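Residue-level listing of the chains:
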Amino acid sequence: MPRRLSVTVEHFPLAQEFRIARGAKTEAVVVTAQIGDEYGEGRGECVPYSRYGESIDSVRAQIEDVRAAIESGASRERIATLLPAGAARNAIDCALWDLEAKKNGRSVASIICNSPPHPVETAYTIGLGDADSMAAAARVANRSLLKVKVGTSDDVGRIRAVHAASPHSKLILDANEGWNADNIREHMLAAASAGAVLVEQPLPAGDDAILADIPHPVPVCADESVHTADDLDKLVGLYDFVNVKLDKTGGLTEGLRLVERAHTMGFGVMIGCMVGTSLAMAPAVLLAQVAEFVDLDGPLLLAKDRDGGLVYTDATVSPPTPRLWG
């Protein structure tokens, strides 16, 4: 029996405007792939990202380009040769993992996790704003791990304000490529003074070499500078951690490879996400079982998640149920 592929675009309003250094959004627009056969239906969700030249239309077109291969039974490994790393391949790869789990009667967790998966601590994101509004948001959030969006020419006041408002929270500062050679040292010192545990992608991808010449009083994590395992060699001596997002790797298959190689090479790992629903987070929660930091709060930013979504309790997120994925 041939497979069936359907592709849908879905809109999920956010609870409030979400702002980072390069712009703001009020909804999550996701592309969902559903692949079915006699064994059931497998689903995968992706979030196209304009920073990487993606759009809803381009991702849909990429998936349509491989429709014949998918419906004729192409494997995840075959799809990886037909589609580049990115959102389109992520949706297909994760849908195939989900379908394979249903076909084999065996959960994805039982295949990729060394022990039964457990809830993991996830960061909660504070969007970019003025120092007072960010401090207020941090105070209300009252989380043990905050991811704080920065990335302006003067973030020192923001960093100090958030730390003062939530002194017992661990802080990940995410500059989204917004700092430069002139201000990175000042910002790194402010991060260290605030007890930050990680600074994410402080400089534009391509300016990474600067990181070799400055102290790292706080570990530095690559995001836009790393997509797949093939990117790791060029990051040695520059970054301490890498942020693994399935929309960058092109799915769980490459995500597993990237995490394993990163750890082998001595990098720490953070598992991150775009702003999407629980369906997008589900495979990442399994990958996060071996990560040092986890940032999978996408559904918490939505006004309403999918039915049967992930369970968030205090600062943790639990593994997915088979009803959702895997």
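The structure we're discussing is the one just above.
Predicted model, so just to flag it, every value in this text is computed and none were measured.

Some points on the sheet that holds strand β2 (residues 23-37)
The strand order across the open sheet built from three strands is β1-β2-β3, with neighbouring strands paired in antiparallel fashion. Of all the strands in the sheet, just β1 (4-20) and β3 (40-46) have a single pairing partner and so form its edges. Pairwise comparison of adjacent strand axes, ignoring direction, gives a mean angle of 20 degrees for this sheet. Pairing geometry for β2 and β3, over seven bridges, is antiparallel. When the sheet's bridge partners are listed, V31 is paired in β3 with C46. Along the sheet face, helix α1 (residues 56-65) touches β1, β2 and β3 and points at about 155 degrees away from the line of β1.

Examining the environment of R158
Residue placement: R158 occurs in helix α7 (residues 156-165). Look at R158 and you get buried, because its relative accessible area is 18%. For the pair formed by R158 and D130, sequence separation is 28 residues and the distance between their alpha carbons is 6.9 Å. The contacts of R158, once residues within four sequence positions are left out, are L128, G129, D130, A131, M134 and T152.

Digging into the pattern of salt bridges
All chains considered together, the criterion is met by 23 salt bridges. As a salt-bridge pair, E64 and R67 come within 2.8 Å of each other at their nearest N and O atoms. We classify E64 as partly exposed; its relative accessible area is 37%. Given a relative accessible area of 22%, R67 falls into the partly exposed group. One network of salt bridges, with partners in common, ties together K147, K149, D174, E200 and D295.

Brief notes about the sheet that holds strand β7 (residues 170-174)
The strands making up a sheet associate through backbone hydrogen bonding, with each pair oriented either parallel or antiparallel. As summarised here, the arrangement of the eight strands in space is β5-β6-β7-β8-β9-β10-β11-β12, forming an open sheet in which the pairing is parallel. Of all strands in the sheet, those with a lone pairing partner are β5 (124-126) and β12 (293-294), marking the two edges. Summarising the sheet, strand β10 (residues 241-244) and strand β11 (residues 268-271) pair through four bridges and their orientation is parallel. Bridge pairing in β11 places V244 opposite I271. Each of β5 and β6 (145-149) touches helix α6 (residues 131-141); the most contacted strand, β5, lies at about 160 degrees to it.

Quick word on the side chain of D247
Relative to the helices and strands, D247 resides in helix α9 (residues 246-249). Within the buried core, D247 has no salt-bridge partner, and the shortest N-O distance to an opposite charge, that of K245, equals 8.5 Å. Not counting the four nearest positions on each side in its chain, D247 is found in contact with C46, V47, G86, A87, N90 and M274.

Topic: the environment of D130
Inspection of the secondary structure puts D130 in the loop between β5 and α6. Expressed as a C-alpha distance, the spacing of D130 and G157, which sit 27 residues apart in the sequence, is 8.8 Å. For D130, the side chain forms a polar contact with the main-chain nitrogen of D132, separated by 3.1 Å. Within the local environment of D130, its side chain forms a polar contact with the backbone nitrogen of S133, the two atoms lying 2.7 Å apart.

Some thoughts on the packing of α1 against helix α4 (residues 87-104)
It is the contact of α1 with α4, at a shortest axis distance of 8 Å, that shows an interaxial angle of 50 degrees. What the angle tells us is that α1 and α4 run oblique. Regarding α1 and α4, the two cross each other, and that crossing is right-handed. In this structure, α1 contributes V59, Q62 and I63 to the contact, and α4 contributes A87, A88 and I92. In the contact of α1 with α4, the residues fall into five nonpolar, one polar and no charged.

As for the environment of D208
For D208, the location among the structural elements is in the loop between β8 (198-200) and β9 (220-222). What makes D208 buried here is its relative accessible area of 11%. The spatial distance from the C-alpha of D208 to the C-alpha of R306 is 38 Å, given a sequence separation of 98 residues. Residues within four places of D208 in sequence aside, it is in contact with Q201, S225, L235, L238 and Y239. Among the polar contacts made by the side chain of D208, one reaches the side chain of Y239 at a distance of 2.5 Å.

A word on unusual backbone geometry
Outside of glycine, negative phi angles account for most residues, and trans bonds account for most peptide bonds. Backbone geometry at N142 places phi at a positive 50 degrees, although glycine is not the residue there. Along the chain, N142 falls in the loop between α6 and β6. The exposure class assigned to N142 is exposed, which follows from its relative accessible area of 63%. Even without being a glycine, E177 presents a positive backbone phi close to 70 degrees.

Cut-offs and rules
- Residues numbered from 1 in each chain as written.
- Predicted model: local features only at pLDDT ≥ 70, side-chain atom pairs only at ≥ 80, totals over all residues.
- Heavy atoms only, no water.
- Pairing = 2+ DSSP bridges.
- Helix = DSSP H or I, 4+ residues; strand = E, 2+ residues; numbered from the N terminus.
- Axes fitted to C-alpha atoms, helices over the stretch in contact; angles between N-to-C directions.
- Contact = heavy atoms within 4.5 Å.
- Buried < 20%, exposed > 50% of the residue type's maximum accessible area, 1.4 Å probe, protein only.
- Salt bridge = Lys/Arg side-chain N within 4 Å of Asp/Glu carboxyl O.
- Lys, Arg positive; Asp, Glu negative; His and termini not counted.
- Polar contact = N/O pair within 3.5 Å; in protein donor to acceptor, adjacent residues only side chain to side chain.
- Parallel < 35°, antiparallel > 145°, perpendicular 65-115°, else oblique.
- Left-handed = near helix turned anticlockwise from the far one by under 90°.
- Nonpolar A, V, L, I, M, F, W, Y, C, P; charged D, E, K, R; others polar.

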